[in-house]
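What follows is each chain in one-letter form.
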Amino acid sequence: MTTRFPRIGLTRRQLGQAAVAAGALTAFGKAPVFAQGAALKIGVLLPRSGHLAQAGQACQRGADIAPAVLGDLGYKVEILSADTESSPDVARSRTEKLINDGANVIVGAFDSGQTAAAAQVCEQRGIPLVMNIAAADGLTEQGYKTVFRNFPTSTMLVTNGLALMKDLFKATGATPKSAVFLHANDTFGMANKKALDALFPKLDMPFQIVDSIAYDPKAQDLSIEVTKAKATGADLAIVTTRAADAIMMVKEMVKQRWEPMGIVSPGSPGLYDEQTYKALGKYVDFAITNLPWYDPKAELTQRVAAAFKKQYPNDRFEGYAFNVAFTLEAILVAADAFKRAGSAASEPMLQALRQTNLKDKMMVGPAITFDAKGQNVNLASACVQNRNQRPTVVLPKESAEMDPVFPMPGWAKRT
Amino acid sequence: MTLALLLNIVASGLLTGLVYGLAALGLSVIFGVVRVVNFAHGEMMVAGMYGAVLLFGALGLDPILSAPLVAAVLFVFGWALQRGLVNKFVERPEHMQFILLLGIATIVLNLLLMVFGPDSRGVMVPYVFDVFEIGPFHQDATRTYAGLGAIAVAAVLFAFFRFSRTGKAIRACADNPLGARVVGLNIDGLYALTFGIGAAVVGIAGALLTLVVEARPQLAPEYTLLSFIIVIVGGLGSLPGALLGGVLIGVSEALAGFLLMPSLKALFSYVVLIVVLLLRPQGLLGRRS
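Residues numbered from 1 in each chain as written. Chains lettered and ligands numbered in written order. Predicted model: local features only at pLDDT ≥ 70, side-chain atom pairs only at ≥ 80, totals over all residues.

Quick look at the overall build of chain B
Here's step 1: Looking only at helices and strands, chain B has 11 helices and 2 strands in total.
Here's step 2: The helix and strand sequence of chain B, counted from the amino end, reads α-α-α-α-β-β-α-α-α-α-α-α-α.
Here's step 3: At 19 Å, chain B has a C-alpha radius of gyration in line with the 19 Å of a compact globule built from 289 residues.
Here's step 4: For chain B, the spread of C-alpha atoms along the principal axes amounts to about 60 × 50 × 35 Å.
Here's step 5: Across the 289 residues in chain B, those meeting the buried criterion constitute 53%.
Here's step 6: Long-range pairs, those at least 24 residues apart, make up 79% of the contacts in chain B between residues at least 6 apart in sequence. (Helix = DSSP H or I, 4+ residues; strand = E, 2+ residues; numbered from the N terminus. Rg over C-alpha atoms; globule rule 2.2 N^0.38 Å. Buried ≥ 20, exposed ≤ 12 C-beta atoms within 10 Å, placed from the backbone. Contact = placed C-beta atoms within 7 Å.)

Section: the packing of helix α1 (residues 3-34) of chain B against helix α5 (residues 141-163) of chain B
All names here are of chain B.
Here's step 1: It is at 8 Å that the axes of α1 and α5 come closest, and there the two elements cross at 40°. Between α1 and α5, the interaxial angle falls into the category oblique. Crossing handedness for the pair α1 and α5: left-handed. Facing Ser12, Leu15, Thr16, Leu18, Val19, Gly21, Leu22 and Leu25 of α1, the residues of α5 in contact are Arg143, Thr144, Ala146, Gly147, Ala150, Ile151, Val153, Ala154 and Leu157. (Axes fitted to C-alpha atoms, helices over the stretch in contact; angles between N-to-C directions. Parallel < 35°, antiparallel > 145°, perpendicular 65-115°, else oblique. Left-handed = near helix turned anticlockwise from the far one by under 90°.)

Observations concerning the packing of helix α3 (residues 88-100) of chain A against helix α4 (residues 112-125) of chain A
Residue and element names in this part refer to chain A.
Here's step 1: Taken N-terminus to C-terminus, the directions of α3 and α4 make an angle of 35°; their axes are 8 Å apart at the nearest point. Where α3 crosses over α4, the two elements pack in a sense that is right-handed. Mapping the contact onto sequence places Pro88, Ala91, Arg92, Thr95, Glu96 and Ile99 in α3 and Gly113, Gln114, Ala116, Ala117, Ala118, Val121, Cys122 and Arg125 in α4.

Thoughts on the sheet that holds strand β14 (residues 391-395) of chain A
All names here are of chain A.
Here's step 1: Taken in spatial order, the 7 strands make up an open sheet running β9-β8-β10-β11-β12-β13-β14, and their pairing is mixed. Here the strands that pair on one side only, and so sit at the sheet edges, are β9 (208-215) and β14. Averaged over all neighbouring strand pairs, the angle between strand axes comes to 25°, with direction disregarded.
Here's step 2: One ladder, built from 7 bridges, connects strand β8 (residues 178-184) with β9; its direction is parallel. (Pairing = 2+ DSSP bridges.)

A word on the nonpolar core
Here's step 1: The biggest cluster of nonpolar side chains holds 136 residues, and the ones touching the most others in it are Val105, Ile106, Ala118, Met131, Ile331 and Ala334 of chain A.
Here's step 2: Broken down by element, the residue count for this core peaks at 15 residues, all from helix α11 (residues 321-341) of chain A.
Here's step 3: The residues that make up this core include at least three from each of domain 1 (40-152 + 296-354) and domain 2 (155-291 + 382-413) of chain A.
Here's step 4: Aside from chain neighbours lying at most four places away, what touches Ile106 of chain A is Gly43, Leu45, Thr95, Leu98, Ala118, Cys122, Ile127 and Leu129 of chain A.
Here's step 5: Counting 92 residues, the second largest nonpolar core, distinct from the first, contains Val33, Leu211, Ile229 and Ile249 of chain B. (Core = buried A, V, L, I, M, F, W, Y, C linked by C-beta atoms within 7 Å. Domains from an automatic or database assignment.)

Let's talk about the pairing of strand β2 (residues 137-140) of chain B
All names here are of chain B.
Here's step 1: With 4 bridges connecting them, strand β1 (residues 131-134) and β2 associate as antiparallel partners. Considered in β2, the bridge of Val131 is made with Asp140.
Here's step 2: In sequence, β1 turns back onto β2 through a hairpin of 2 residues, with Gly135 there showing a positive phi of about 60°.

Remarks on the sheet that holds strand β4 (residues 77-83) of chain A
All names here are of chain A.
Here's step 1: With parallel pairing, the 5 strands of this open sheet are ordered in space as β4-β3-β5-β6-β7. The open sheet terminates on both sides in strands that have one partner only, identified here as β4 and β7 (147-149). Taken pair by pair, the neighbouring strands of this sheet meet at an average axis angle of 25°, ignoring direction.
Here's step 2: In the packing of helix α2 (residues 53-72) onto the sheet, the strands contacted are β3 (40-46) and β4, and the crossing angle to β4 comes to about 165°.

Section: the interface of chain A and chain B
Here's step 1: Contacts between the two partners involve 27 residues from chain A, matched on the other side by 28 residues from chain B.
Here's step 2: Residue assignment for the side of chain A that touches chain B shows that the elements contributing at least two residues are α2, β9, α7 (223-231), α8 (243-255) and α9 (274-280) of chain A.
Here's step 3: In terms of residues, the side of chain A that touches chain B owes the most to one element, α7 of chain A, which gives 6 residues.
Here's step 4: Classifying every residue of the side of chain A that touches chain B gives 11 nonpolar, 10 polar and 6 charged. (Nonpolar A, V, L, I, M, F, W, Y, C, P; charged D, E, K, R; others polar.)

Quick look at the environment of Ala118 of chain A
Here's step 1: Tracing the backbone through its elements, the reader meets Ala118 of chain A in helix α4.
Here's step 2: Distance from Ala118 of chain A to Ala174 of chain A, taken between C-alpha atoms, is 44 Å for residues 56 residues apart in sequence.

Some thoughts on the domain arrangement of chain A
All names here are of chain A.
Here's step 1: What the domain assignment lists for chain A is domain 1 (40-152 + 296-354) and domain 2 (155-291 + 382-413).
Here's step 2: Its C-alpha centre places domain 1 at a distance of 28 Å from the equivalent point of domain 2.
Here's step 3: Listed per partner, the contact involves 17 residues of domain 1 and 22 residues of domain 2.
Here's step 4: Within the residue set of the side of domain 1 that touches domain 2, elements represented by two or more residues are α2 and α4.
Here's step 5: Taken together, the residues of the side of domain 1 that touches domain 2 break down into 7 nonpolar, 5 polar and 5 charged.

With respect to the pairing of β4 of chain A
All names here are of chain A.
Here's step 1: Bridge analysis of β3 against β4 gives 7 bridges, and the strand direction is parallel. Across the sheet, the residue bridging to Gly43 is Leu80, located in β4.
Here's step 2: Tracing the backbone out of β3, into α2 and back to the parallel element β4 gives a crossover that is right-handed. (Right-handed = clockwise from strand over helix to strand, strands pointing away.)

Things to note about α8 of chain A
Residues and elements named next belong to chain A.
Here's step 1: Here α8 is 13 residues long and its end C-alpha atoms lie 18 Å apart, about the 18 Å a rise of 1.5 Å per residue gives.
Here's step 2: The buried fraction of α8 is high, at 13 of 13 residues.
Here's step 3: Immediately downstream of α8, the backbone of Arg257 shows phi near 55°, a positive value. (Expected span 1.5 Å × (residues − 1).)

Looking at α7 of chain A
Here's step 1: Of all the 9 residues making up α7 of chain A, 7 are buried; the element is thus mostly covered by neighbouring parts of the structure.
Here's step 2: Each element contacted by the buried residues of α7 of chain A is listed here: β8, β9, β10 (236-240) and α8 of chain A together with α1 and α10 (239-260) of chain B.
Here's step 3: Downstream of α7 of chain A by a residue or two, Gly233 of chain A has a phi angle that is positive, lying close to 70°.

Comments concerning unusual backbone geometry
All names here are of chain A.
Here's step 1: Here the residue pair Leu395 and Pro396 is connected by a cis peptide bond, since its omega of 0° sits within 30 degrees of zero.
Here's step 2: One non-glycine residue, Phe286, lies in positive phi territory at about 75°.
Here's step 3: For Phe286, the position within the fold is in the loop between α9 and β12 (288-291).
Here's step 4: Classification of Phe286 by C-beta neighbours within 10 Å gives partly exposed; the count is 18.

Details of the confidence of the model for chain A
Residue and element names in this part refer to chain A.
Here's step 1: Residues of chain A with pLDDT of at least 70 account for 91%, and the chain-wide mean is 88.
Here's step 2: Within the model, pLDDT remains below 50 along residues 1-10, and this stretch shows 7 contacts once partners closer than five positions in the same chain are excluded.
Here's step 3: The model gives residues 21-35 a pLDDT under 50, and that stretch makes 10 contacts with residues more than four places away or in other chains. (pLDDT = per-residue confidence, 0-100.)

Here's the deal with the environment of Val271 of chain B
Here's step 1: Relative to the helices and strands, Val271 of chain B is located in helix α11 (residues 265-279).
Here's step 2: For the pair Val271 of chain B and Val19 of chain B, spaced 252 residues apart in the sequence, the C-alpha separation amounts to 20 Å.

Here you go:
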């Protein structure tokens, strides 16, 4: 004979079975994924502390404004944030934790080394990884089925960057004869060095690279590096930096009275960061970065710029736009796939991500799509020159806000 | 490569090394007397850097002038830390002291990150881009002032320990704590004073360093490690040793960076450390225990 619970209509046996099922689900299973009405849980993995904290925090702003901006567009996302502490080992463990905490997709992780660590975990767990910023070619060359990158590879960055350098020389009628390459010896810096070494002979550049100088990304002083670069007598400084080393490098150039024809980055951050403008003022003007840039006229850019202004009224959007834009676009890519998939489960999400064709976005260039390796191969670069301490598009001509200035004026001639 | 270029690089390394040495002096003072290893050393130094940055932003005070104010604040912090917390651990096993100081380091680091954020902040003193040029020899003004400031502070510190009654009493505590207690010295008070002096020296080093390096919270663990290397190279507890260790590391990093490869600079500090540990384990000016 069974005892019945009259008010809810459950037998003691049924109640016991339900309890066991709930316990088993809690202990071993994942929460079921429902698309309708539910938000996509996105684990955002960024170096918010450690030596890459400045860039990680800038990217985090993109993640922080994403739920509101994307909510207005009909996407429901919930952000779970994790700090990699600028370490690949921590990135690996935080990725595990984000997935265990219920993240359906991982977005991150700004740095190639940390992204590589996260990619291994995502591949093992079958969870999609949408990279916001990470350039090392190898990330989409491992045969992984779960990685998607809406960011140029080092090869793309350097190819586009060098092509734009030629356009710059043509537009200004000034061509350097020699260049020195200064770069950090981390994954990103070395990937750029490798790409430059491989591509330079093929691109028929009008100058020679006389020396490559690698430095520790955590270096507190670049006086020796700049002394060494100056001693080469090179006309042009090609740099792969982040904000802290860009500041130290330009400061040393001024102190050592080294006035190359220009400082050009083939696609690294640092020279156009808000922090760099604040620290160097007029001395960082005329430095050039060739990289993918946001379209100021795009509707999404305007929405994001307004949301940024609302949340960070004391900061200029331009100084954070690159990091914010790529992070927000990565979240948008995941949200869009979720909407089309109708489920946050791994397989439908991966399938939907492969079929991405996103036209409404922030960065210039055609719609976001991914090739079989998960790489968006359609990303274009622009020549962005610092003018009046503001990143300004100077090439290609059809997108230019001002004409390029090259060679750059000497340090003493700046006002 | 010309001789002038080489001299410039050695001078640059020497001046940077003097500031490194000053920073390590604070660590050496505290360890030499209290026998507690301050794992929050780098964090205190970065706090000193931010103090100088704040005073520059609010009052336009040059870091050389604000260094005494920063030192005063850090003295109080160090004194209170020793009195309120560290003193309870002086007699406890070393691993407990390590955990305590590591905990304090973590708290200070994260407080700095929360308050100031991850962006670097510098001081734009009027002479930030000035250079002293004598013929082919040139050296930037900020590094020169920071190096000279380090020499001045080190000289005051040496004079204090050598000639003042309090300095002698502190040395007595370091040499023989029991004997010092027997003759009536207030050991706890002197320990707190020493911790305060060590923290103040670190604060001055931090303030001077803002002339050369932008303040960022993430510098803290780097400077803790660097100061440890310098103190071990110079000799644990030896004040001249800390200064010598700083200069040695500064010059060797500069030369290695130029003659070998810049990315080997940090590695070279460890090479110097290993060589010293192999040939003279007590450090260059340390005493064999």
